[in-house]
Amino acid sequence: MTKLFLDSVDITEVEYWNNLGLISGVTTNPALLSSYKNHDPVDIVKKISKIIYPNPVSMQLTAKSKNEQISQAKYFNKINKNIVVKVPAFEKYLGLMKDLNKLKIKTNITLCFDPITALLFAKSGATYVSMIVGRKD
């Protein structure tokens, strides 16, 4: 099933597109969240998750080590029931995917350009895979 996710942390924009009923969820990323000076990124995500509930909101891992990533994913998972943890589509994260799947933490694989990579992550338990498609694709 194809779903359309809005990549934004702008509350007004999220409300607009959500009210039109055209989005299936929202994705965020550290760069977007840090662009809002004097705002706590977690507070922004909490607001977005309430606006679009029960649809998912993706939050990207920033921790470096696997143990820190698991801890961060658990923290994100407690923000709201519709939070999904974004994990980059790199082979080194396939093991992490299995661990998060065992913990029943929903995941969104991001920066995926290759259908084979998408398949590997899907088979490892990813909830969503965000394919990045260019204008020519």
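Heads up: the structure comes first, above all this text.
Here we summarise the structure given alongside this text.

1. Digging into the nonpolar core
Next up, step 1: Core analysis: the biggest nonpolar cluster contains 33 residues, and Val87 and Phe121 have the highest contact counts within it.
Next up, step 2: Mapped by element, the contributors of at least two residues to this core are helix H3 (41–52), strand S3 (57–60), helix H4 (66–77), strand S4 (83–88), helix H5 (94–102), strand S5 (107–112) and helix H6 (115–123).
Next up, step 3: With residues near it in sequence (within four places) discarded, Phe121 still touches Pro88, Ala89, Phe90, Tyr93, Leu94, Met97, Ile109 and Ala126.

2. Things to note about the pairing of S5
When a strand is regular, its side chains alternate between the sheet's two faces.
Next up, step 1: Of all the six residues making up S5, five are buried; the element is thus mostly covered by neighbouring parts of the structure.
Next up, step 2: Direction of pairing for S4 relative to S5: parallel, over a ladder of four bridges. Within S5, the residue paired with Val85 across the bridge is Thr107.
Next up, step 3: Handedness of the crossover joining S4 and S5 through H5 is recorded here as right-handed.
Next up, step 4: Bridge count for S5 against strand S6 (residues 128–131) is three bridges, and the pairing is parallel. Each bridged residue has a counterpart across the sheet, and for Ile109 the counterpart in S6 is Val129.

3. Things to note about the packing of H4 against H5
Next up, step 1: It is the contact of H4 with H5, at a shortest axis distance of 11 Å, that shows an interaxial angle of 40°. Of the two elements, H4 crosses H5, and the hand of that crossing is right-handed. Contacts from Lys66, Gln69, Ile70 and Ala73 of H4 reach H5 at Gly95, Leu96, Asp99 and Leu100.
Next up, step 2: Looking at the contact of H4 with H5 residue by residue, the classes come out as four nonpolar, two polar and two charged.

What counts, and at which threshold
Residues numbered from 1 in each chain as written. Predicted model: local features only at pLDDT ≥ 70, side-chain atom pairs only at ≥ 80, totals over all residues. Heavy atoms only, no water. Core = buried A, V, L, I, M, F, W, Y, C linked by side-chain atoms within 4.5 Å. Buried < 20%, exposed > 50% of the residue type's maximum accessible area, 1.4 Å probe, protein only. Helix = DSSP H or I, 4+ residues; strand = E, 2+ residues; numbered from the N terminus. Contact = heavy atoms within 4.5 Å. Pairing = 2+ DSSP bridges. Right-handed = clockwise from strand over helix to strand, strands pointing away. Axes fitted to C-alpha atoms, helices over the stretch in contact; angles between N-to-C directions. Left-handed = near helix turned anticlockwise from the far one by under 90°. Nonpolar A, V, L, I, M, F, W, Y, C, P; charged D, E, K, R; others polar.

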